[in-house]
Amino acid sequence: MRSFISRKLSRSLLLILITLLLASCAMISPQKPEVNLTGLQIREATLSHLNMVADLSVFNPNDIALTVQEVDYTLQLEGVNVAEGRSLAPVEIGAKESGQVQLRIATAYWDLLSLVNKLQETDDMAFTLSGKVRVGGYKILNRTFPFSKEGNIDTRTLGLRR
């Protein structure tokens, strides 16, 4: 009788452990963060290129905090590929909160030549920001999500017109 109770208890404990393990795996697999371009500013103009900063808002829809390890991106303005690169530092974003990620962008004037007239003539310009967001900590817990956002940027905020 004691052996029967012991086996039953062992099976119950095993079932509880498996349930907890599956629940913890569900928490480890995060939902895709939402990425939006919130600003683009020119910081410096040199003889060969422009240095800009792109501000991203990253919303964490998960019930736990996420660390955005890096953002790989490509930025197009009016269909012209003007920059690509990677974020510089990880950012911790709380559960159900938004965080800010800044991307440093350097682009050659050659890439922008076809956009010069457009910048002078209009108050907005179409953009496409696409790439990947890598979240997590240790490599086994990392997860990479693709993103792509399209919209218009107010060219008056770039500071190119007088």
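Cut-offs applied
Residues numbered from 1 in each chain as written. Predicted model: local features only at pLDDT ≥ 70, side-chain atom pairs only at ≥ 80, totals over all residues. Heavy atoms only, no water. Pairing = 2+ DSSP bridges. Helix = DSSP H or I, 4+ residues; strand = E, 2+ residues; numbered from the N terminus. Axes fitted to C-alpha atoms, helices over the stretch in contact; angles between N-to-C directions. Patch = residues over 30% accessible without salt bridge, like charges linked within 9 Å, V, L, I, M, F, W, Y side chains within 5 Å. Areas by Shrake-Rupley, 256 points an atom, 1.4 Å probe, with all protein chains shown as cover. Salt bridge = Lys/Arg side-chain N within 4 Å of Asp/Glu carboxyl O. pLDDT = per-residue confidence, 0-100. Buried < 20%, exposed > 50% of the residue type's maximum accessible area, 1.4 Å probe, protein only. Polar contact = N/O pair within 3.5 Å; in protein donor to acceptor, adjacent residues only side chain to side chain. Contact = heavy atoms within 4.5 Å. Core = buried A, V, L, I, M, F, W, Y, C linked by side-chain atoms within 4.5 Å.

1. A closer look at the sheet that holds strand β2 (residues 49-59)
Part 1 of the reasoning: As summarised here, the arrangement of the three strands in space is β1-β2-β6, forming an open sheet in which the pairing is antiparallel. Looking at the sheet topology across the chains shown, the edges are occupied by β1 (34-45) and β6 (98-108). Each adjacent strand pair in this sheet contributes to an overall mean axis angle of 20°, direction not counted.
Part 2 of the reasoning: In the sheet, β1 pairs with β2 via ten bridges, with the strands oriented antiparallel. Along β2, the bridge assignment pairs E44 with N51.

2. Focus on a nonpolar patch on the surface
Part 1 of the reasoning: Taken together, the side chains of W110, L113 and V116 make up a nonpolar region of the molecular surface, amounting to roughly 370 Å² of accessible area.
Part 2 of the reasoning: Looking at the element boundaries, V116 is found in helix α3 (residues 116-121).

3. Looking at the confidence of the model for the protein chain
Part 1 of the reasoning: Per-residue confidence for the protein chain gives a mean pLDDT of 79; residues scoring 70 or more make up 74%.
Part 2 of the reasoning: When the elements of the protein chain are averaged for pLDDT, helix α1 (residues 2-28) gives the smallest value, 59, and strand β5 (residues 91-93) the largest, 92.

4. A word on the pattern of salt bridges
Part 1 of the reasoning: Scanning the entire structure with this criterion turns up four salt bridges.
Part 2 of the reasoning: E70 serves as the salt-bridge partner of R86, at 3.5 Å between the closest nitrogen and oxygen. Of the two residues, R86 is situated in strand β4 (residues 80-86) and E70 in strand β3 (residues 66-77); the sequence distance between them amounts to 16 residues.
Part 3 of the reasoning: The partner of D72 in a salt bridge is R86, with the nearest N and O atoms 2.6 Å apart. Remark: R86 occurs in strand β4 and D72 occurs in strand β3; sequence separation between them is 14 residues.
Part 4 of the reasoning: You can call D72 buried: its relative accessible area is 17%.
Part 5 of the reasoning: For R86, a relative accessible area of 47% corresponds to the partly exposed category.
Part 6 of the reasoning: Through salt bridges with shared partners, a single ionic network connects E70, D72, R86 and R134.

5. As for the environment of D72
Part 1 of the reasoning: A sequence separation of 15 residues divides D72 from S87, and the C-alpha atoms of the two residues are 6.7 Å apart.
Part 2 of the reasoning: A polar side-chain atom of D72 sits 2.6 Å from a polar atom in the side chain of R86.

6. Considering the environment of I64
Part 1 of the reasoning: Considering the arrangement of structural elements, one finds I64 in the loop between β2 and β3.
Part 2 of the reasoning: Counting along the chain gives 29 residues from I64 to I93, while the straight-line C-alpha distance between them is 9.0 Å.

7. Description of unusual backbone geometry
Part 1 of the reasoning: You will see that E78, though not glycine, has its phi angle at about 50°, which is positive.
Part 2 of the reasoning: Considering the arrangement of structural elements, one finds E78 in the loop between β3 and β4.
Part 3 of the reasoning: Judged by its relative accessible area of 34%, E78 falls in the partly exposed class.

8. Brief notes about the side chain of S57
Part 1 of the reasoning: Within the fold, S57 resides in strand β2.
Part 2 of the reasoning: Aside from chain neighbours lying at most four places away, what touches S57 is E34, V35, N36, T38, S98, G99 and Q100.

9. Description of the nonpolar core
Part 1 of the reasoning: Formed by 30 residues in total, the largest nonpolar core has its most connected members in L56, V71, L75, I105 and L129.
Part 2 of the reasoning: At the level of secondary structure, the elements contributing two or more residues to this core comprise β1, β2, β3, β4, β6, β7 (124-135) and β8 (143-154).
Part 3 of the reasoning: No other element matches the six residues that β3 contributes to this core.

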